[in-house]
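Structural features, examined
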2 protein chains.
Amino acid sequence: MKISHRGEYALKCLMALSFNYGKGVVQLRSISEKEGIPYKFLEQIMIALKQGGLVKSQKGKLGGYQLSRSPEEISLGEVIRLIDGPLAPLGNESELKKLVKERGRHSGLYAVLLDVRNACSAILDKQSLRDICVKTIELQEKGTEAYMYFI
Amino acid sequence: MKISHRGEYALKCLMALSFNYGKGVVQLRSISEKEGIPYKFLEQIMIALKQGGLVKSQKGKLGGYQLSRSPEEISLGEVIRLIDGPLAPLGNESELKKLVKERGRHSGLYAVLLDVRNACSAILDKQSLRDICVKTIELQEKGTEAYMYFI
DNA sequence: TTATATCATACAAATCCTATAGGAATTATA
DNA sequence: TATAATTCCTATAGGATTTGTATGATATAA
Ligand code: FES
Ligand code: FES
């Protein structure tokens, strides 16, 4: 698995929406500027996130985006799969399983790669956007409020 | 991390050399045909593996390649790093560590990505080429000898 | 001398990624 | 109603990366 710029932008943007969950919509312009993400590029990413059911939008003036579920119901794994594909170093879970079962000349190799994909999934499917918020806040120095986004 | 065709070819080729360790050199033509790897592409990959110190070559007629260390002294991690770069979903270990320590707006996110890279490294740096040989043989049906390469 | 292999570089083709552009549709507000 | 601000949608350019081919040089066993 590899996280592209596109994927990193998506994650950062969703973190911004997580910090603002329950406070209405946030506009892309604001996120784009704060995170240094090219505006028109971000627009495309958000369309994908919307089609994937992670965010919902409000059109028109004063429109914007918000999470469509609470941050604790969205895992990192779900985001990364949506934007950058399977969480495996090669192929995907079922493909790797098949290669192992075929018992070919490299089944041992694929078995280890399947272990890797399972280890990655175990972490990324467990960590929710909310967990990341908490972790980030914990990592801040006491007294700093760098994690505050748009309030 | 993502394993490219190039990386997969390298791993398969090194497995062939592992199964033949101690029996002299193996020629690329043979590996290329058996594994379905484009011959001239494989040549390039082998040069990289040689420069990385994983294999040594014998030139001229009856030449070929062999592992420069025993299969148990070469880890999957070392191979993948050499061909496809760092074992992290984003950047590399020291870069991720730095991003976490900076305590920026996304330190929590990078902390989890560092966990992922650590999980991947833990597996791939531990598994040696010999381990893969053993695993592959174990996965074969009794009586089959599909793992036998060039004997 | 010949056949066969590695070594090295250059380059072509295809694919993927990043980013930009232009405009349509929608909505709040003056 | 007019205007401004925003999401929505598609096309496409440019660049980077990956994959593979071509050509020839060099080394060595027979
Ligand atoms: S980071 Fe690629 S599968 Fe784990
Ligand atoms: S497979 Fe990409 S870092 Fe684990």
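Residues numbered from 1 in each chain as written. Chains lettered and ligands numbered in written order. Predicted model: local features only at pLDDT ≥ 70, side-chain atom pairs only at ≥ 80, totals over all residues. Heavy atoms only, no water.

**Some words on the environment of B:Ala111**
Examined against the element boundaries, B:Ala111 turns out to sit in helix α6 (residues 107-124). Placed 56 residues apart in sequence, B:Ala111 and B:Val55 show a C-alpha to C-alpha distance of 36 Å. Excluding residues within four positions of it along the chain, B:Ala111 makes contact with A:Lys135, A:Leu139 and B:Val100. (Helix = DSSP H or I, 4+ residues; strand = E, 2+ residues; numbered from the N terminus. Contact = heavy atoms within 4.5 Å.)

**A short note on the interface of chain A and chain B**
When the parts of a complex come together, some accessible area is lost, and that lost area is often used as the size of the interface. With 39 residues of chain A at the contact, the number on the chain B side is 39 residues. Buried area between chain A and chain B, both sides added, is near 3,600 Å², and the carbon and sulfur share of it is 68%. Our count for the chain A to chain B interface comes out at two salt bridges. With a shortest N-O distance of 3.4 Å, A:Glu35 and B:Arg105 are connected by a salt bridge. The tally of links from chain A across to chain B stands at 20 residue pairs in polar contact (both at pLDDT 80 or more). Looking at the side of chain A that touches chain B, the elements that each hand over two or more residues are α1 (5-19), α2 (28-35), α6 (107-124) and α7 (129-139) of chain A. (Buried area = accessible area lost by both parts, 1.4 Å probe. Salt bridge = Lys/Arg side-chain N within 4 Å of Asp/Glu carboxyl O. Polar contact = N/O pair within 3.5 Å; in protein donor to acceptor, adjacent residues only side chain to side chain.)

**Brief notes about the pattern of salt bridges**
Side chains carrying opposite charge are able to pair once their charged atoms draw close together. Evaluation of the coordinates by the stated rule reveals 16 salt bridges over all chains. Two residues, B:Lys40 and B:Glu43, come together in a salt bridge whose shortest N-O distance is 3.0 Å. Of the two residues, B:Lys40 and B:Glu43 both sit in helix α3 (residues 39-51), three residues apart, roughly one turn of that helix. For B:Lys40, a relative accessible area of 57% gives the class exposed. In this structure, a network of salt bridges that share partners links the residues A:Glu93, A:Lys97 and A:Arg117. (Buried < 20%, exposed > 50% of the residue type's maximum accessible area, 1.4 Å probe, protein only.)

**Side note on the relation of the copies chain A and chain B**
In screw terms, the move from chain A to chain B is a rotation of 180° and a rise of 0.0 Å along the axis, fitting with an RMSD of 0.0 Å. Such a turn and shift between the copies fits a two-fold axis. When you check the interface residues of chain A against chain B, 100% turn up at the interface there too, and the contact is symmetric in its surfaces. (Least-squares fit on C-alpha atoms with pLDDT ≥ 70 in both.)

**A short note on the protein's contact with DNA strand D**
By nearness alone, 28 residues border DNA strand D, and A:Lys50, A:Ser57, A:Tyr65, B:Lys40 and B:Gln44 come closest of all. Atoms of DNA strand D within 4 Å of the protein: sugar and phosphate make up 57%, bases the balance. Separating a phosphate oxygen of DNA strand D from a backbone N or O atom of A:Leu28 is a distance of 2.9 Å. Between DNA strand D and the protein, one listed contact pairs a phosphate oxygen with a side-chain N or O atom of A:Lys50 at 2.6 Å. The dominant element in the surface near DNA strand D, judged by the number of residues it contributes, is helix α3 (residues 39-51) of chain A, at six residues. Counted by class, the surface near DNA strand D contains eight nonpolar, eleven polar and nine charged residues. (Near = heavy atom within 4 Å. Nonpolar A, V, L, I, M, F, W, Y, C, P; charged D, E, K, R; others polar.)

Geometric descriptors of this kind do not, in isolation, establish any biological role.
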